[in-house]
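Observations on the three-dimensional arrangement
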Amino acid sequence: MIGVVAYLIFFLSQGLIFAVCCLGLNLQWGNTGLFNVGVSGFYLIGAYTFALLCAPAGSVLLGGFGMPFIVGIIGSMVVTGIAAFIIGVATLRLRADYLAIATIGVAISLRLVALNTTSLTGGAQGFPNVPRPFGGLIQNNFDANLAFFGLMVVIVAVIYFGLEAMVRSPWGRVLRAIREDEPAAASLGKSPFSYRMQSFVIGSALIGLGGAMFASFLGFLSSDNFFSIMTFQVWTMLIIGGSGNNKGAILGAILIWAVWTATGSVAQAVLPTTMQVKGGALQIIFIGLILMLVLLFRPRGILGEEASVSRAVPKGLKKILQKGS
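These numbers come from a predicted model, not from an experiment.

**Quick look at the packing of helix α11 (residues 246–270) against helix α12 (residues 279–297)**
- Where α11 contacts α12, the two axes come as close as 9 Å, and the packing angle between them is 140°. Taken together, the axis directions place α11 and α12 in an arrangement best described as oblique. By crossing handedness, the relation of α11 to α12 is classed as right-handed. Contact with α11, carried on its side by Ile256, Val259, Trp260, Thr263, Gly264 and Ala267, involves Gly279, Gln283, Ile284, Phe286, Ile287 and Ile290 of α12 and no other residues of that element.

Below, the structure written as structure tokens:
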């Protein structure tokens, strides 16, 4: 029984890490319409920044800085946000296609840098000894995982309520206005570039936070953790859960991570040893089929974006508008 509970805690902790990334992507895509296809790149920046800041000296050739956990978390978000700002300056004034091309190019390039910069990231051998949040206080592995899960619940809850307040504020309404009709928003004196930049930087910083928590959760980093398939996973989670809905982002993360884990276990149990290397391809195919079915029968996702009507609208007109939406 303890083994089942331990696995459940491990599974949910990873699912909540994905939920953090989904919430960041939802701010960018679901609320602003920014097509960020470089999720794995920002995830990588956050993970390696945290590892370098918090790991003890001698972890890699250049060594870590041995900073406290909270410093590593803040540092990973700041560095990821700065990287997003640099990319955004060059791309956010252009069409969405250019942002997609730039972000996926950055993600692939960063993974190759992590693979080949042995003195900084450990290269192919990986980056060991990444500290856990309560590593010095809790020695038992089960208790440490349980404490990490509790921390992830708190982090996801804080991000969720924070984003809900932001997207329901005038700032969030401007983001949705830019997403729906940029010229109309600009005609009202709003700067689409400025608002898109804010959304892009904040969303990327949250993805970097997810990477930092992933690094702390595993205690070891390898460039193999940051293939583009991770971007596919997060996008699928968001679309299936419901783009534009923060509850949908969290639901999609847990649900698709459950399906991904289950299909991997089934592939290992069913396929012969010589075919198990193809189990990952079967996972992608199965998730792709689920995505197709959801897009066919529930194009807005399981939950979908909630209709938002200004409180200033009279009650009678509000009902008519809600029925029409």
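Next comes the rest of the description.
**What to know about the packing of aromatic side chains**
- In the structure shown here, the tally under the stated rule is 13 aromatic pairs.
- Taking the centre distance of 5.4 Å and the plane angle of 65° together, the rings of Trp29 and Trp235 count as edge-to-face. Separated by 206 residues along the polypeptide, Trp29 in helix α1 (residues 2–30) and Trp235 in helix α10 (residues 229–241) bring together distant segments of the chain.
- Of the residues examined, Trp29 reaches a relative accessible area of 31% and is grouped as partly exposed.
- For the ring pair Tyr43 and Phe226, a centre distance of 5.9 Å and an interplane angle of 65° mean the geometry is edge-to-face. Pair noted here: Tyr43 is in helix α2 (residues 39–54) and Phe226 is in the loop between α9 (192–218) and α10, with a separation of 183 residues, a long-range link.
- A relative accessible area of 2% places Phe226 in the buried class.

**With respect to α2**
- Over its 16 residues, α2 runs 23 Å from end to end, which matches the ideal 22 Å to within 8%, given 1.5 Å per residue.
- Across the 16 residues that make up α2, a large majority, 15, are buried.

**Some points on the confidence of the model for the protein**
- Averaged over every residue, the pLDDT of the protein is 89; the share at 70 or more is 91%.
- Across residues 309–313 the pLDDT falls below 50, and counting only partners more than four positions away or on other chains, this stretch makes 7 contacts in the model.

**Looking at a nonpolar patch on the surface**
- The grouping of Phe65, Met67, Ile70, Val71, Ile74, Val78, Ile82, Phe85, Ile86 and Val89 at the surface amounts to a nonpolar patch, some 930 Å² of accessible area in total.
- Within the secondary structure, Ile70 sits in helix α3 (residues 69–91).

**Description of the environment of Gln233**
- Tracing the chain through its elements places Gln233 in helix α10.
- The buried category is assigned to Gln233, whose relative accessible area is 9%.
- Setting aside anything within four residues of it in sequence, one finds Gln233 in contact with Phe18, Trp257 and Trp260.

Quick notes on the rules
- Residues numbered from 1 in each chain as written.
- Predicted model: local features only at pLDDT ≥ 70, side-chain atom pairs only at ≥ 80, totals over all residues.
- Heavy atoms only, no water.
- Axes fitted to C-alpha atoms, helices over the stretch in contact; angles between N-to-C directions.
- Helix = DSSP H or I, 4+ residues; strand = E, 2+ residues; numbered from the N terminus.
- Parallel < 35°, antiparallel > 145°, perpendicular 65-115°, else oblique.
- Left-handed = near helix turned anticlockwise from the far one by under 90°.
- Contact = heavy atoms within 4.5 Å.
- Phe/Tyr/Trp six-rings, centres within 6.5 Å; stacked < 30°, edge-to-face > 60°.
- Buried < 20%, exposed > 50% of the residue type's maximum accessible area, 1.4 Å probe, protein only.
- Expected span 1.5 Å × (residues − 1).
- pLDDT = per-residue confidence, 0-100.
- Patch = residues over 30% accessible without salt bridge, like charges linked within 9 Å, V, L, I, M, F, W, Y side chains within 5 Å.
- Areas by Shrake-Rupley, 256 points an atom, 1.4 Å probe, with all protein chains shown as cover.
- Salt bridge = Lys/Arg side-chain N within 4 Å of Asp/Glu carboxyl O.

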